[in-house]
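Given next are the chains, with one letter for each unit.
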Amino acid sequence: MKKQRVSNAFVAASWVALAAGMIGFITGLARAEMELNEKGYYFTILLYGLFAVVSLQKAVRDRLENIQVTDIYYGICWFATLSSIVLLAIGLWNATILPSEKGFYAFAFLLALFGAIAVQKNTRDNMIQE
């Protein structure tokens, strides 16, 4: 039984979510009145989180499709994903910025992570169909 391709609307929505989260987060950092090292911390956490969720999505999907994934790699993917979220939360908790800015960064980060997971899923689903 051949699976149906992912709809173009969902593919577009996934890319929009990824772009909106990343661009919003990075724009917020560029305009923020914080030290360069603090901006670097948040930017690195964004990149770390994006890589972690794409890796986790692939590992979870591989396991569902009975493709071998070692337990250590699977565990590292979960650890990286959760640690990126925890590190962002710790950074924002201790940041001397307005609560509204903290919320902005948190939601932009989570939107970017969701978008990355959805883009990875769609890419994989559509590759299988070809």
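- In the nomenclature of an unreviewed UniProt entry, the protein chain corresponds to YiaA/B two helix domain protein from the organism Chryseobacterium gallinarum.

1. Details of the environment of E101
Here's step 1: Turning to its location among the elements, E101 is positioned in helix α4 (residues 99-129).
Here's step 2: According to the relative accessible area criterion, E101 is partly exposed, its value standing at 29%.
Here's step 3: Through-space distance from the C-alpha of E101 to that of G28 is 8.5 Å; in sequence the pair is 73 residues apart.

2. Observations regarding the packing of helix α1 (residues 8-31) against helix α2 (residues 36-64)
Here's step 1: As a packed pair, α1 and α2 sit with axes 9 Å apart at the nearest point and diverge in direction by 165°. With respect to each other, α1 and α2 are oriented roughly antiparallel. Pair α1 / α2 crosses with left-handed handedness. Counting all contacts with α1, which are made through L18, M22, F25, I26, L29 and A30, the residues of α2 involved are K39, Y42, F43, L46 and L50.
Here's step 2: In the contact of α1 with α2, the residues fall into 10 nonpolar, no polar and one charged.

3. So, α2
Here's step 1: Along its 29 residues, α2 runs 42 Å from first to last C-alpha, staying within 8% of the 42 Å computed at 1.5 Å per residue.
Here's step 2: Phi turns positive, to about 60°, at N66, one or two residues after α2.

4. Observations concerning the UniProt feature "domain: YiaAB two helix" (unreviewed entry) in the protein chain
Here's step 1: When the UniProt feature table is mapped to this numbering, "domain: YiaAB two helix" (unreviewed entry) covers residues 10-62 and 73-125.
Here's step 2: Here residues 10-62 is 92% helix and 0% strand, with 22 Å between the C-alpha atoms at its ends.
Here's step 3: With 92% helix and 0% strand, the stretch residues 73-125 has end C-alpha atoms that lie 22 Å from each other.

Criteria and cut-off values
- Residues numbered from 1 in each chain as written.
- Predicted model: local features only at pLDDT ≥ 70, side-chain atom pairs only at ≥ 80, totals over all residues.
- Heavy atoms only, no water.
- Helix = DSSP H or I, 4+ residues; strand = E, 2+ residues; numbered from the N terminus.
- Buried < 20%, exposed > 50% of the residue type's maximum accessible area, 1.4 Å probe, protein only.
- Axes fitted to C-alpha atoms, helices over the stretch in contact; angles between N-to-C directions.
- Parallel < 35°, antiparallel > 145°, perpendicular 65-115°, else oblique.
- Left-handed = near helix turned anticlockwise from the far one by under 90°.
- Contact = heavy atoms within 4.5 Å.
- Nonpolar A, V, L, I, M, F, W, Y, C, P; charged D, E, K, R; others polar.
- Expected span 1.5 Å × (residues − 1).
- UniProt positions renumbered as here; feature names shortened; annotations may be inferred.

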